[in-house]
Amino acid sequence: MRVNKKYSCLPAEEKGIHIINIRAIEDIGYDQHESTLLNSLSKNPDADCKYGLYFRDGKRKVDYILVYHYKKSSAVKTLTRRVHHNDSSARSTKQDQPLPGKGVQLEMGESEPHVDYHEDDKRFRREEYEGNLVEAGLELERDEDMYQINQTHGLLKKINSVIQKITEPIQPKVAEHKPQTVKRLSYPFSREKQHLFDLSDRDSFFDSKTRSTIVYEILKRTTCTKAKYSMGITSLLANGVYSAAYPLHDGDYEGENVEPNDRKLLCEEWASYGVFYKYQPIDLVRKYFGEKIGLYFAWLGVYTQMLIPASIVGIIVFLYGCATVDENIPSMEMCDQRNNITMCPLCDRTCSYWKMSSACATARASHLFDNPATVFFSVFMALWAATFMEHWKRKQMRLNYRWDLTGFEEEEEAVKDHPRAEYEAKVLEKSLRKEHKHKETDKEKLTWKDRFPAYLTNFVGIIFMVGLTFAIVFGVIIYRISTAAALAISSTPSGRSSVRVTVTATAVIINLVVIIILDEVYGCIARWLTQIEVPKTDKNFEERLIFKAFLLKFVNAYTPIFYVAFFKGRFVGRPGDYVYIFHSFRMEECAPGGCLMELCIQLSIIMLGKQLIQNNLFEIGIPKMKKFIRYMKLKRRRSLDHEEHMKKKQRYEVDYNLEPFAGLTPEYMEMIIQFGFVTLFVASFPLAPLFALLNNIIEIRLDAKKFVTELRRPVAVRAKDIGIWYNILRGIGKLAVIINAFVISFTSDFIPRLVYLYMYSENGTMHGFVNHTLSSFNVSDFQAGTAPNDPMDLGYEVQICRYKDYREPPWSENKYDISKDFWAVLAARLAFVIVFQNLVMFMSDFVDWIIPDIPKDISQQIHKEKVLMVEVFMREEQGKLQMLETWKDKDKKKGENCNNHSPRLSRSHSGSLSSCHSYPLDV
């Protein structure tokens, strides 16, 4: 165990980097040769370290990187230290000693000017922390050369072999996707049972992902007490003692002379748009990034695969609408100019009467999404969501078995979960306050009283953000009303006929821009609100952040759609008695064909816009822009230090310039919002699964490329499921059934058509349906000042105009009152909601019940492994007992020999000294 530091002269740079390279000690008792300093000054000391992947001896692999900044006169240096983990026990050694010559240790150099108190405090913390790391069994090496720039049988076996041959072209060319007929018996590694493991090759026993995870656990548990309280690596990072901590990538991913590594293989077979048609190498992703990230990409792959049948059915439903549009009697009646149906004005004074035939295009387009097939598609998508969840649970169980996670419990992980740095700082602040008051207290912790101001801020903040979203939607409604009134003044018939489409399209674009902006704002606000709560653990922090962010983004994305689906046209009133928002602005009305077409336009533009702009352009453009800025800074820097920038960069220096890993919450969030678009309002937009499928094909490779090439390698985290996201998905699936039931009942004309067909149709057809849904109004009953300014706009005087509602005619005794037809249709709507919801819920629960969560073959294999593991431990115990009996027999014979001879010490066969009369019982 040692601390090996390289001492060399640093050029007079404005900024630098200090890297701590952490690595396990494999050759305990290693002595640093006196020639190290001379070699480092006479030749390239990194010749054997393979550009930062190994220590300078070229044998010990770097497991982790710690980075910190320090000030030296006006220059801000950033330094790093490599860390390596050792499985064997460590012995303490002396810390760095200053060496003679020009390579004197920087922090102990006599020529170094005095730094301020804060820098001294950080340095003392680092010294203590690194000393504790050494005692914990880690080996550190400092580097100062980096500069910062700112199996089945029978028929099933034959079927599987045929499927393997068919799918072979779309399988990635990695070893993990080769058919495996043998699975090694696995058991969590333990020092006490290490004799059961094959330790012939210690370097490859743990892969790089596992080694970095072990080191990260040690870094979190090792404490620094210079600041009066325990500080692990998370606290040291939060307090600026270190500026970064990250494991290294396995190597470069591009270039002709790049050695083969997992990162390069992932880049070629996974993070490339050219292999979009192939399956993902999930096992290799898990091996390189850990189980948590592997499960995300596995879930994304399953979700994308399940979108294929949904897209096919959606296309069939859309084509059915296209094929039957010319046979749809209601739309034909609306387009028939011979009917000469005169409609009431859409606004007061400035709007005139209009012909229903002018809305022909809207009526025909509505049939594409409002036909009997959409009801079937809604039922299908509800069952699809239930099947998708069950399929994922089974896939997740298979991955748990394959990745040896069947024995992994969340309780074990919770024990390892350490308090966050912010929580420790808050506890320290509370302790210091009580010490100042001379109170004797036990170990402090934050209570609800300490968090009450944060809880109150969270409640008020969330209510304010939801209110802001509603206010913006209300503002867009005002825009729609005023713009429609302004465009209606147009004297050209073509301009009047396109008013609805123009207003709807422009309003949706405004909504889209606002949604994208507020999404970014709400993400930052949700993180701030979670931070002021000061959750104790990272798991609690992540769950609370997810809940707040999902709530705000869900309201932000779906509020405009909910308005069009359930509120637009519901509270309009009637001619002569309209409902006004302000003095002259009436509530919006739906088109004669219903609001479903407008709902389709709203949903499609918001969904496609979010996917294209926010999910793809932002994810591609922002990292590229940051990379370009760093490149321009490097280009300007080369003129100052050409030699420094011409040499090949160390691995840790290249990785330091990458973006830090910010977690999986943004990745999950955009997919969950998309899942809502696919399921919640699918009755109005059957092509939603198709556009989601096309987006996800790109999204998988885009995320993969980002993880492999743009981000620092994240610390591998073990997980056996996708956590709280599964519950959110189930909630959206249940909510989708209810929403689609109401969309079909109240937004579309499906129920009114059924009621007319079976109760009011004279010949059993849909002829006369349009006239049945329209009520009459006598223009003499207009309120004063609300009648059209140009009543002769159509070329004739209008006495009776029509409007969409079920009300008594003006010649009735109870004129303009709600008619019996309205109550009949309302009863049918509510009955459909109840029947649809309960039927689909029952079918979904039936699918959930009939499909087992754990595949039968996996449960059998798990049981078999448990039996084999018991046999292994039984054989181990039997071997111990036999060894114990053998030693007892040997000691008994020695005792008999001692009775015949003088007592003396004899050496046992094991090589240890023992007395003739001693009987060792410990094995």
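Values in this document were obtained by computation on a predicted structure and should not be read as measured data.

**Student:** So what's going on with the overall build of the protein chain? Which residues, and what values?
**Tutor:** Helix and strand counts for the protein chain stand at 28 helices and 14 strands. Counting every position in the protein chain, which comprises 923 residues, the buried fraction comes to 48%.

**Student:** Residue-level account of the packing of aromatic side chains, with values.
**Tutor:** Across all of its chains, the model carries 41 aromatic pairs by this definition. Ring centres of phenylalanine 550 and phenylalanine 554 lie 5.5 Å apart, and the angle between their planes is 45°; on these two criteria the pair is classed as tilted. Taken as a pair, phenylalanine 550 and phenylalanine 554 lie in helix 18 (residues 538-567) at a separation of four residues, close to a single helical turn. Judged by its relative accessible area of 16%, phenylalanine 550 falls in the buried class. Ring centres of tyrosine 756 and phenylalanine 769 lie 5.7 Å apart, and the angle between their planes is 70°; on these two criteria the pair is classed as edge-to-face. With tyrosine 756 in helix 25 (residues 750-760) and phenylalanine 769 in helix 26 (residues 769-773), this pair connects stretches of sequence that are 13 residues apart. For the pair formed by tyrosine 756 and phenylalanine 769, the shared burial category is buried. Lying over the aromatic face of tyrosine 288, arginine 713 brings its terminal NZ or CZ to 3.9 Å of the ring centre.

**Student:** For a nonpolar patch on the surface, give the residues involved together with the corresponding values.
**Tutor:** Taken together, the side chains of Trp448, Phe452, Tyr455, Leu456, Phe459, Val460 and Ile463 present a nonpolar region at the surface, about 770 Å² in accessible area. Residue position: tryptophan 448 is located in helix 15 (residues 448-488).

**Student:** Break down unusual backbone geometry for me, citing the residues and quoting the values.
**Tutor:** With phi around 60°, aspartate 404 is a residue other than glycine that occupies positive phi space. With respect to the helices and strands, aspartate 404 occurs in the loop between helix 12 (372-402) and helix 13 (410-416). With a phi close to 55°, valine 534 is a non-glycine residue in the positive phi region. Take valine 534: it is sitting in the loop between helix 17 (499-533) and helix 18.

**Student:** Can you explain the packing of helix 9 (residues 291-323) against helix 11 (residues 360-369)? Please cite residues and give values.
**Tutor:** Remark: helix 9 packs on helix 11, axes separated minimally by 7 Å, with the N-to-C direction vectors making an angle of 145°. Viewed along their axes, helix 9 and helix 11 form a crossing whose handedness is right-handed. Here Phe318, Gly321 and Cys322 of helix 9 lie close against helix 11, whose contacting residues are His367, Leu368 and Phe369. Per-class residue counts for the contact of helix 9 with helix 11 are four nonpolar, two polar and no charged.

**Student:** Can you explain the nonpolar core? Please cite residues and give values.
**Tutor:** Counting residues in each nonpolar core, the largest one holds 122 residues, and the members touching the most others are Trp299, Tyr303, Trp384 and Phe681. Beyond its immediate stretch of four places on either side in the chain, tryptophan 384 contacts Tyr303, Met306, Leu307, Ala310, Phe675, Val678 and Thr679. Core analysis: the second largest hydrophobic core is formed by 17 residues, Leu138, Leu140, Ile233 and Leu236 among them.

**Student:** Run through the state of the cysteines, naming residues and quoting values.
**Tutor:** Per the counting criterion, the structure on display carries two disulfides. Each sulfur of the disulfide joining cysteine 335 and cysteine 360 lies 1.9 Å from the other. Taking the sign of the torsion about the S-S bond as the criterion, the disulfide between cysteine 335 and cysteine 360, at about 95°, is right-handed. Here the residue cysteine 335 occupies a position in helix 10 (residues 329-335), and cysteine 360 occupies one in helix 11, the gap between them amounting to 25 residues.

**Student:** Lay out the side chain of serine 331 with the relevant residues and their values.
**Tutor:** Relative to the assigned elements, serine 331 resides in helix 10. Those residues in contact with serine 331 that sit more than four places away from it in its chain are Val325, Ala363 and Arg364.

**Student:** Got a sec to walk through the pattern of salt bridges? Specific residues and values, please.
**Tutor:** Overall, the coordinates contain 25 salt bridges when judged by the stated rule. Between arginine 286 and glutamate 291 there is a salt bridge, and its shortest N-O distance comes to 3.0 Å. For the salt bridge of lysine 393 with glutamate 390, the shortest nitrogen-to-oxygen distance reads 3.1 Å. On the criterion of helical spacing, the pair formed by lysine 393 and glutamate 390 is a turn pair, its members being three residues apart in helix 12. Connected through shared salt-bridge partners, Glu390, Lys393, Arg730 and Asp848 make up one network.

**Student:** Which residues make up the pairing of strand 11 (residues 774-778), and what values do they have?
**Tutor:** Walk down a regular strand and you will see the side chains alternate between the two sheet faces. Within strand 11, four of the five residues are buried, which leaves the element mostly enclosed by the surrounding structure. Pairing between strand 11 and strand 12 (residues 800-804): five bridges, direction antiparallel. Looking at the pairing, serine 776 lines up with arginine 802 of strand 12.

**Student:** An account of the confidence of the model for the protein chain is needed here, citing residue identities and associated values.
**Tutor:** Per-chain confidence: the protein chain averages 75 in pLDDT, with 77% of residues scoring 70 or above. The element-level mean pLDDT for the protein chain is lowest in helix 1 (residues 35-42), coming to 30, with helix 9 highest at 92. A low-confidence stretch, residues 1-19 stays under pLDDT 50, and its non-local contacts, those more than four residues away or across chains, total 108 contacts. Residue range residues 901-923 is modelled with pLDDT below 50. Its contacts to residues more than four positions away, or to other chains, number 25 contacts.

**Student:** An account of the environment of lysine 820 is requested, with residue identities and associated values reported.
**Tutor:** On the secondary structure map, lysine 820 appears in helix 27 (residues 820-850). Along the sequence, lysine 820 and arginine 807 sit 13 residues apart, while their C-alpha atoms lie 8.4 Å from each other.

About the cut-offs
- Residues numbered from 1 in each chain as written.
- Predicted model: local features only at pLDDT ≥ 70, side-chain atom pairs only at ≥ 80, totals over all residues.
- Heavy atoms only, no water.
- Helix = DSSP H or I, 4+ residues; strand = E, 2+ residues; numbered from the N terminus.
- Buried < 20%, exposed > 50% of the residue type's maximum accessible area, 1.4 Å probe, protein only.
- Phe/Tyr/Trp six-rings, centres within 6.5 Å; stacked < 30°, edge-to-face > 60°.
- Lys NZ or Arg CZ within 6 Å of the ring centre and 35° of its normal.
- Patch = residues over 30% accessible without salt bridge, like charges linked within 9 Å, V, L, I, M, F, W, Y side chains within 5 Å.
- Areas by Shrake-Rupley, 256 points an atom, 1.4 Å probe, with all protein chains shown as cover.
- Salt bridge = Lys/Arg side-chain N within 4 Å of Asp/Glu carboxyl O.
- Axes fitted to C-alpha atoms, helices over the stretch in contact; angles between N-to-C directions.
- Left-handed = near helix turned anticlockwise from the far one by under 90°.
- Contact = heavy atoms within 4.5 Å.
- Nonpolar A, V, L, I, M, F, W, Y, C, P; charged D, E, K, R; others polar.
- Core = buried A, V, L, I, M, F, W, Y, C linked by side-chain atoms within 4.5 Å.
- Disulfide = S-S within 2.5 Å.
- Pairing = 2+ DSSP bridges.
- pLDDT = per-residue confidence, 0-100.

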